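One-letter residues, chain by chain:
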Amino acid sequence: EREGEAAGISLRRSEARFNALAGRSTEIVSFSAADGTTLYRSPSATRLLGWTVEELAAQKPADLVVAEDRAHFAAELGRLASGAQREIAFAYRLRHSDGSIRWFETSATNLLDDPDVGAIVGSHRDVTAQKLAEIALQESRNLLEEAQAIAHVGSWVSSIDPPDGARFSRECYRVYGMPEGSIVTAAAAIECVHPDDRERV
């Protein structure tokens with residue numbers, strides 16, 4: 001009887017520690033059934049998504065995904081639940097309770113066949129700041145490419161140590177008449193220069 005009581009205390013303590021850790025995490029931990037039903041969602045979900053426990057319980061995970069990303073979201077989870085893949089990692093957008101859109105990255109593992117787990121285990125991380133920075137960087141690159149195309153000016157960057165060839169801008173490839181995306185060595189670039197100017201260049 002004492003052993004059973006001690007085991008019960010140990011289990012309660014273990015659960016309390018897990019809940020304390022999951023509640024203060026910067027990620028959301030979830031356990032899901034094969035059909036996508038949420039079996040457990042860490043308390044950190046209310047802090048990261050803004051919805052109350054009751055509001056989250058009333059919605060399926062896919063309900064929070066923005067319409068444009070739902071097909072991708074369903075396909076990824078479908079491959080996981082079917083056993084086509086044991087592990088997946090993908091990004092998508094969710095609706096926060098305040099109406100804003102947040103980027104999340106999910107890493108999930110199919111442990112449905114594990115008798116001690118019997119669920120799909122997921123870790124969901126808010127990567128909004130990272131995604132917005134990536135989008136801003138890409139927009140900046142696009143503007144630079146457009147400006148170079150308008151001005152007919154190309155640019156290139158070359159690593160000196162170790163020498164691994166130059167990275168050309170799109171307009172620079174056009175100016176040199178080289179296939180876009182190809183690796184350009186110094187020798188290849190010099191070949192594009194008129195023979196009368198090569199020694200000087």
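Right above here is the structure, for reference.
The rules behind each value
Residues numbered from 1 in each chain as written. Predicted model: local features only at pLDDT ≥ 70, side-chain atom pairs only at ≥ 80, totals over all residues. Heavy atoms only, no water. Helix = DSSP H or I, 4+ residues; strand = E, 2+ residues; numbered from the N terminus. Polar contact = N/O pair within 3.5 Å; in protein donor to acceptor, adjacent residues only side chain to side chain. Contact = heavy atoms within 4.5 Å. Expected span 1.5 Å × (residues − 1). Salt bridge = Lys/Arg side-chain N within 4 Å of Asp/Glu carboxyl O. Buried < 20%, exposed > 50% of the residue type's maximum accessible area, 1.4 Å probe, protein only. Pairing = 2+ DSSP bridges. Disulfide = S-S within 2.5 Å.

A. Main features of the side chain of Ser 30. Mapped onto the elements, Ser 30 comes out in strand S1 (residues 27-32). Among the polar contacts listed, one links the side chain of Ser 30 to the side chain of His 124, at a separation of 2.7 Å. Those residues within four positions of Ser 30 in sequence are excluded, and the remaining contacts are Tyr 40, Arg 41, Ile 120, Val 121, Gly 122 and His 124.

B. Up close: helix H6 (residues 128-151). Here H6 is 24 residues long and its end C-alpha atoms lie 35 Å apart, about the 34 Å a rise of 1.5 Å per residue gives. A positive phi of about 55 degrees marks His 152, the residue just after H6.

C. Expanded view of the pattern of salt bridges. Scanning all chains against the criterion turns up ten salt bridges. Note that Lys 131 and Glu 134 form a salt bridge whose closest N and O atoms lie 3.8 Å from each other. A residue pair is termed a helical-turn pair when its members lie 3 or 4 positions apart in one helix, as Lys 131 and Glu 134 do in helix H6 at three residues. The exposure class of Lys 131 is partly exposed, given its relative accessible area of 21%. The class for Glu 134 is partly exposed, based on a relative accessible area of 38%. If you follow the salt bridges from partner to partner, you end up with Asp 98, Arg 102 and Asp 126 in one network.

D. The pairing of strand S5 (residues 119-126), seen in detail. By the bridge criterion, six bridges tie S1 to S5 in an arrangement that is antiparallel. Counted as the bridge partner of Phe 31 is Val 121 from S5. As judged from the eight bridges shared by strand S4 (residues 101-111) and S5, these two strands associate in the antiparallel manner. Looking at the pairing, Glu 105 lines up with Arg 125 of S5.

E. Spotlight on the state of the cysteines. Inspection of every chain in the model, using the stated rule, returns zero disulfides. The thiol sulfur of Cys 192 is not disulfide-bonded, and the nearest other cysteine sulfur, from Cys 172, lies at 9.5 Å. On the accessibility criterion, Cys 192 (36% relative accessible area) is partly exposed.

F. Highlighting the environment of Ser 123. With respect to the helices, strands and loops of the structure, Ser 123 is situated in strand S5. The class of Ser 123 is partly exposed, set by a relative accessible area of 24%. Along the backbone, Ser 123 and Phe 104 are 19 residues apart, and their C-alpha atoms lie at a distance of 10.0 Å. When sequence neighbours within four positions are dropped, the list of residues in contact with Ser 123 reads Glu 27, Ile 28, Glu 105, Thr 106 and Ser 107. A polar atom in the side chain of Ser 123 sits 2.3 Å from the side chain of Glu 27.

G. Expanded view of the environment of Phe 168. Tracing the backbone through its elements, the reader meets Phe 168 in strand S7 (residues 166-168). Look at Phe 168 and you get buried, because its relative accessible area is 12%. Sequence-wise, Phe 168 and Met 178 are ten residues apart; in three dimensions their C-alpha atoms are separated by 9.8 Å. The residues touching Phe 168, leaving out its near neighbours within four places in the chain, are Ser 155, Trp 156, Tyr 173, Tyr 176, Met 178 and Val 184.

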